[in-house]
Amino acid sequence: MPTLISLFLRRTALGLLLACAFAGTAGAQTGGATGIIQEITNVVGLQPRFELRATHDVDNAAAVVYGGKRYLLYNPDFLAAVNRAGRTDWAGISILAHEMGHHLNGHTLRAGGSNPQDELEADEFSGFVLRKLGASLAQAQAALAAVATTRAPV
Ligand SMILES: [Zn+2]
């Protein structure tokens, strides 16, 4: 019996899923991630028009559309691992903000998966959010370095 998430992943093969290439691993809880999403939406002045779901069916995180509904999926172990690697929560926040950036920039509204321009736009939104939430340049750089060097769980 396929789970809802496995159905999402099948859609990836159809090019309808926008998944991100975070080379990552990690134990943030859904509650923590929900709080982060709320903090992000507070500083950008938008409502989160997507559903946040913690799942081990994705290695890192992904912004997807399924059945006309937007989802932000993340692996809680991956999020925890990047936060441990960066010794700060900014890394996990940057990941969730990056995925939100895909949704808010409309990247998930078209088929074909991700591309370098979309990734840059999502990264730009993530950097904007980190600054708005009070991260210093050094903290933002350390967060992104942790994301880049953390391995996804096997
Ligand atoms: Zn991305």
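By convention here, each chain's residues receive numbers from 1 onward along its written sequence. Only residues with pLDDT of at least 70 are given local features in this predicted model, and only at 80 or more are side-chain atom pairs given and counted; all residues enter the totals for whole chains, interfaces and linings.

Before going further, it helps to examine the overall build of the protein chain. Secondary structure elements are defined from DSSP: runs of H or I of at least 4 residues count as helices, runs of E of at least 2 residues count as strands, and each element is numbered from the N terminus. For the protein chain, the count of helices and strands is six helices and four strands. Taken across its 154 residues, the protein chain has 43% of its residues classed as buried. Exposed residues have 12 or fewer other C-beta atoms within 10 Å of their own C-beta, buried residues have 20 or more, and partly exposed residues fall in between, where C-beta atoms are placed from the backbone.

This part takes up helix H6 (residues 137-149). In this model H6 runs 18 Å from its N-terminal to its C-terminal C-alpha over 13 residues, within 8% of the 18 Å that 1.5 Å per residue would give. Packing partners of the buried residues in H6 comprise helix H3 (76-86), helix H4 (90-104) and helix H5 (116-132). Given a helix with a known number of residues, its expected span is that number minus one, times 1.5 Å. Any pair of residues counts as being in contact when their C-beta atoms, constructed from backbone geometry, are within 7 Å of one another.

Right, let's talk about H4 for a bit. Under the 1.5 Å per step criterion, the end-to-end length of H4 is 20 Å for 15 residues, consistent within 8% with the ideal 21 Å. Extensive coverage of H4 is indicated by the burial of 15 of its 15 residues. Directly beyond the C-terminal end of H4, a positive phi value near 80° is found at Gly106.

All right, on to the confidence of the model for the protein chain then. Mean pLDDT over the protein chain works out to 79, with 77% of the residues at or above the 70 mark. Across the chain, each position has a pLDDT score giving the predictor's confidence in that residue, from 0 to 100. Low confidence marks residues 4-29, where pLDDT is under 50. Its contacts with residues over four positions away, or in another chain, come to 82 contacts.

One recurring pattern in soluble globular proteins is that nonpolar side chains are buried together. Tyr74, Val82 and Leu96 are the most contacted members of the largest nonpolar core, which has 38 residues in total. Put simply, the parts of the chain that give this core at least two residues each are helix H2 (30-44), strand E3 (61-66), strand E4 (69-74), H3, H4, H5 and H6. Counting residues per element, this core draws most heavily on H4, at eight residues. Tyr74 has contacts with Ala33, Ala54, Val58, Ala61, Leu79, Ile95 and Leu96, leaving out every residue within four places of it along the chain. For our purposes the nonpolar core covers buried Ala, Val, Leu, Ile, Met, Phe, Trp, Tyr and Cys residues that link as a set through C-beta atoms within 7 Å.

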